[in-house]
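Survey of secondary and tertiary structure
So the chains spell out like this:
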Amino acid sequence: MERTVIIVFLSVIYSALQINCQEAILHISNGGTDRQYCIVHNHSWTPLSQTLDAAVQYPLVNMISTLLCDTSGVSPEVVKGKALVVMRGECEFSQKALIAQSLGATTLLIASNTSLIMPSANESEYAKVQIPLALMKYRDFLEAQQVFGEGMQVKLYAPTQSKIDPSIGVMLLISVVTVALGGFWSGACERDRLSTGVTGGGSGENKADSGELSLYSPLKVFIFVALMCGMLVLMYYFYNILVYIIIAIFCLASATALFSCLDAVMEKMRCGTGSFTIRNVNFSVRSLILAAVCISISVIWGVYRNEDRWIWILQDLLGIAFCLNFMKTISLSNFKICVILLSLLLVYDVFFVFITPFFTKNGVSIMVQVALGPDASGEKTQGNMVEVPAEPQAPSEKLPVVMRVPRFLALAQNLCGMQFSILGYGDIIVPGLLVAYCSRFDVWINSSKKIYFLSCCIAYLLGMITTFAVMLLSGMGQPALLYLVPFTLITSAVVAGCRGEMRQFWSGTTYEVLDSSRKPLLPEGRTDCSIKGETC
């Protein structure tokens, strides 16, 4: 009985997560060659099969020269039992469908020179039409003619799209691994810096010399968040100008970040540097090779950034390197600064996602508009009325501020225009700064178990899972910081409270304040046991 209930429950959930989309697939073959093309249909007409194997194959009759607004010039013997393709225009979709049906056609394809929209009619017309009806691009039909000639066999099918796509798992893996690696790297650098400071007698100077920056003043945090708000608003109003500046900055910053990451890996692997001198200037062979590789990858992304089919791989690679380098370079001095920064950015995220749609003309939030670009309608509709351009459009520039992974199961949608799952860099970097602080704190207290770092990473993972779960259940994008900030902050505070280290965790260490000459937070050699009698 229990097994039956579980099966029924899972079946209901599975059905609820299936989406019937307006995009479908036209499969054309001639026995040896086959191609697939984007079509748009309406489920209110005769529904299409959900798989290619279940779809019925029909020979295609080319009547592209007629609009089929009447039966004149069309012989029933020519079209009976076959699929029919005609041009769009002059009369309603339902009229064309009823005429094709009366002539004995089994399927009606309407070729369009304008944008493909869902074919609709009056409610009373739907029941009268008993044959499948769909719109296709006219240029796609011309291409099919060149490939197949007149002997075309067609199948129409509309695979259902699941809300749960493997791209969500890939995005979860990217975000969690990036945050964990960034935190680990920050802790490793802190350990090296303290070791150097002990042996060389330095303290704050070592941090300044390493090129890392520290946020230790609440005023600086407020200024930083205010600048972010101002920049976002400027991007909203002057997107077409500033987008190219941001792209250029990203190319430079991501190439530098990728070099930093790869150089650290090479250093860890103890790869030889090799060097040579030109005019008393010493050059490292390893550094030159890495610089050439990183610059090449960044330039390739910059040139082909609008090639959706494959460029997302390079964008995610550069984005991961950018996030890792940011978490390693920017450090928060104590938990108080972490609380202030993450809380302010939580309010910032919620305001610009949920509140700003009430003030914008098109009802789209400023955050979504800037992240996806003004013309990125395909990624905003998500199942609402779709509009597929009949001709190739000039690519719209998008800010390189998100991880992008194509929706692997959206077969029909990807034919009409690539669909992506996205996650902003801020949803990785902002909690990542707290994870990095926890990793450094583990170093300061000589914690061999890395309790703060591991706890914060697990909290981030649970926060991301919650974000995706709410997104799937609500059917709309979510500001991830709404869930990530409470999960990570509360978890870190609970761990510090349970271990009796909240005072130290809140205040941080004087090593994090530049130009400080005070002693470290804890005496050297303190092991992962107790503070003032508190057990671990």
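All figures in this text were calculated on a predicted structure; none of them were measured in a lab.

1. Details of the overall build of the protein
On a plain count of helices and strands, the protein comes out with 19 helices and 17 strands. Each of the 536 residues in the protein was classed as buried or not, and the buried ones make up 47%.

2. A word on the pairing of strand 3 (residues 34-41)
Bridging between strand 2 (residues 23-29) and strand 3 involves 7 bridges; their strand directions are antiparallel. From the neighbouring strand, His27 faces strand 3, where its bridge partner is Gln36. In textbook terms, the turn of a hairpin is the stretch between consecutive antiparallel strands, and for strand 2 and strand 3 this stretch comprises 4 residues, one of which, Gly31, has a positive phi near 105 degrees. By the bridge criterion, 3 bridges tie strand 3 to strand 8 (residues 133-137) in an arrangement that is antiparallel. Residue pairing for strand 8: Ile39 is matched across the bridge by Met136.

3. Notes on the sheet that holds strand 8
Taken in spatial order, the 7 strands line up as 2-3-8-6-5-4-9 and close into a barrel, and their pairing is mixed. Here the strands of the sheet are splayed against their neighbours by 40 degrees on average, with no regard to which way each runs. Across the sheet, helix 3 (residues 93-102) lies against strand 5 (83-87), strand 6 (107-112) and strand 8, angled at about 140 degrees from strand 6, the strand it touches most. In this fold helix 5 (residues 138-148) packs onto strand 2, strand 3, strand 4 (58-62), strand 5, strand 6 and strand 8, with an angle of close to 160 degrees to the strand it touches most, strand 3.

4. Concerning the state of the cysteines
Tallied over the full model, the rule gives 2 disulfides. Each disulfide pairs two cysteine sulfurs, and for Cys38 the partner residue is Cys416, the sulfurs being separated by 1.8 Å. Across the disulfide from Cys38 to Cys416, rotation about the S-S bond amounts to roughly 95 degrees, and the bridge is consequently right-handed. In this pair, Cys38 is assigned in strand 3 and Cys416 in helix 15 (residues 411-416), connecting sequence segments 378 residues apart. Across this residue pair, the class does not change: Cys38 and Cys416 are buried. What links to what in the protein: the bonded cysteines, counted in sequence order, pair as 1-4, 2-3.

5. Quick notes on unusual backbone geometry
Positive phi, close to 55 degrees, is recorded for Asn446, a residue that is not glycine. For Asn446, the position within the fold is in the loop between helix 16 (426-444) and helix 17 (451-474). Positive phi, close to 50 degrees, is recorded for Lys450, a residue that is not glycine. With respect to the secondary-structure elements, Lys450 resides in the loop between helix 16 and helix 17. The partly exposed category is assigned to Lys450, whose relative accessible area is 25%.

6. A look at the packing of helix 10 (residues 285-303) against helix 11 (residues 311-329)
The relative placement of two packed helices is expressed as an angle between their axes plus a distance between the axes. Orientation of helix 10 relative to helix 11, taken along the N-to-C sense of each, is 130 degrees, at an axis distance of 10 Å. On the basis of the axis angle, helix 10 is oblique to helix 11. In this structure, helix 10 crosses over helix 11, and the sense of that crossing is left-handed. Every residue of helix 11 that contacts helix 10 at Ile297, Ser298, Ile300 and Trp301 is listed here: Ile311, Leu314, Gln315, Leu317 and Leu318. Grouping the amino acids of the contact of helix 10 with helix 11 by side-chain chemistry returns 7 nonpolar, 2 polar and no charged.

7. Side note on a nonpolar patch on the surface
The grouping of Met231, Val233, Leu234, Tyr237, Phe238, Ile241, Ile245 and Ile249 at the surface amounts to a nonpolar patch, some 770 Å² of accessible area in total. In terms of residue count, helix 8 (residues 218-237) provides more of the nonpolar patch than any other element does, 4 residues in total. Relative to the helices and strands, Tyr237 is located in helix 8. For Tyr237, a relative accessible area of 58% puts it in the exposed group.

8. Describing the pairing of strand 9 (residues 153-157)
In terms of residue burial, strand 9 counts as a mostly covered element, since 4 of its 5 residues are buried. In terms of strand pairing, strand 2 meets strand 9 through 5 bridges, oriented antiparallel. The residue bridging Ile28 from the neighbouring strand is Val154, located in strand 9. Of the pairings in the sheet, the one linking strand 4 to strand 9 comprises 2 bridges and is antiparallel in character. Bridge pairing links Tyr58 to Val154 in strand 9.

9. Some details on the packing of aromatic side chains
One pass over the structure, following the stated rule, counts 18 aromatic pairs. Put simply, the rings of Phe335, Tyr437, Phe441, Trp444, Tyr452, Phe505 and Trp506 touch in pairs and so form one group of aromatic residues. The ring of Phe420 is capped by Arg404, whose NZ or CZ atom sits 4.0 Å from the centre of that ring.

10. A look at the nonpolar core
Counting 81 residues, the largest nonpolar core has Trp301, Leu341, Ile428, Leu434, Tyr452 and Phe505 as its most contacted members. Tallying contributions element by element places helix 16 first for this core, with 11 residues. In this structure, Leu341 is in contact with Val221, Phe224, Val225, Leu332 and Leu433, ignoring residues within four places of it in sequence. Counting 24 residues, the second largest nonpolar core, distinct from the first, contains Val79, Val86, Leu116 and Met118.

11. Side note on the confidence of the model for the protein
Scored by pLDDT, the protein comes out at a mean of 82, with 84% of its residues at no less than 70. Mean pLDDT per element in the protein: helix 14 (residues 378-381) is the minimum at 40, and helix 18 (residues 481-498) is the maximum at 95. Taken as a whole, residues 377-384 scores under 50 in pLDDT and shows 17 contacts with residues more than four places along the chain or in a different chain.

12. Points about the environment of Ser162
By secondary structure assignment, the location of Ser162 is in strand 10 (residues 161-162). Between the C-alpha atoms of Ser162 and Arg407, which are 245 residues apart in sequence, the distance is 9.9 Å.

13. Looking at helix 12 (residues 335-355)
For helix 12, spanning 21 residues, the distance from its first C-alpha to its last is 29 Å, which sits close to the expected 30 Å at 1.5 Å a residue. Among all positions of helix 12, only Phe335, Ile337, Cys338, Leu341, Leu342, Leu345, Leu346, Tyr348, Asp349, Phe352 and Val353 are buried. Across the axial projection of helix 12, the buried residues extend over an arc of 165 degrees, all falling on one side. At the N-terminal end of helix 12, a side-chain oxygen is found 3.1 Å from the backbone nitrogen of Lys336, two or three residues along, and the residue is Asn334.

So, how was this worked out
- Residues numbered from 1 in each chain as written.
- Predicted model: local features only at pLDDT ≥ 70, side-chain atom pairs only at ≥ 80, totals over all residues.
- Heavy atoms only, no water.
- Helix = DSSP H or I, 4+ residues; strand = E, 2+ residues; numbered from the N terminus.
- Buried < 20%, exposed > 50% of the residue type's maximum accessible area, 1.4 Å probe, protein only.
- Pairing = 2+ DSSP bridges.
- Axes fitted to C-alpha atoms, helices over the stretch in contact; angles between N-to-C directions.
- Contact = heavy atoms within 4.5 Å.
- Disulfide = S-S within 2.5 Å.
- Parallel < 35°, antiparallel > 145°, perpendicular 65-115°, else oblique.
- Left-handed = near helix turned anticlockwise from the far one by under 90°.
- Nonpolar A, V, L, I, M, F, W, Y, C, P; charged D, E, K, R; others polar.
- Patch = residues over 30% accessible without salt bridge, like charges linked within 9 Å, V, L, I, M, F, W, Y side chains within 5 Å.
- Areas by Shrake-Rupley, 256 points an atom, 1.4 Å probe, with all protein chains shown as cover.
- Salt bridge = Lys/Arg side-chain N within 4 Å of Asp/Glu carboxyl O.
- Phe/Tyr/Trp six-rings, centres within 6.5 Å; stacked < 30°, edge-to-face > 60°.
- Lys NZ or Arg CZ within 6 Å of the ring centre and 35° of its normal.
- Core = buried A, V, L, I, M, F, W, Y, C linked by side-chain atoms within 4.5 Å.
- pLDDT = per-residue confidence, 0-100.
- Expected span 1.5 Å × (residues − 1).
- Arc of directions from axis to C-beta.
- Polar contact = N/O pair within 3.5 Å; in protein donor to acceptor, adjacent residues only side chain to side chain.

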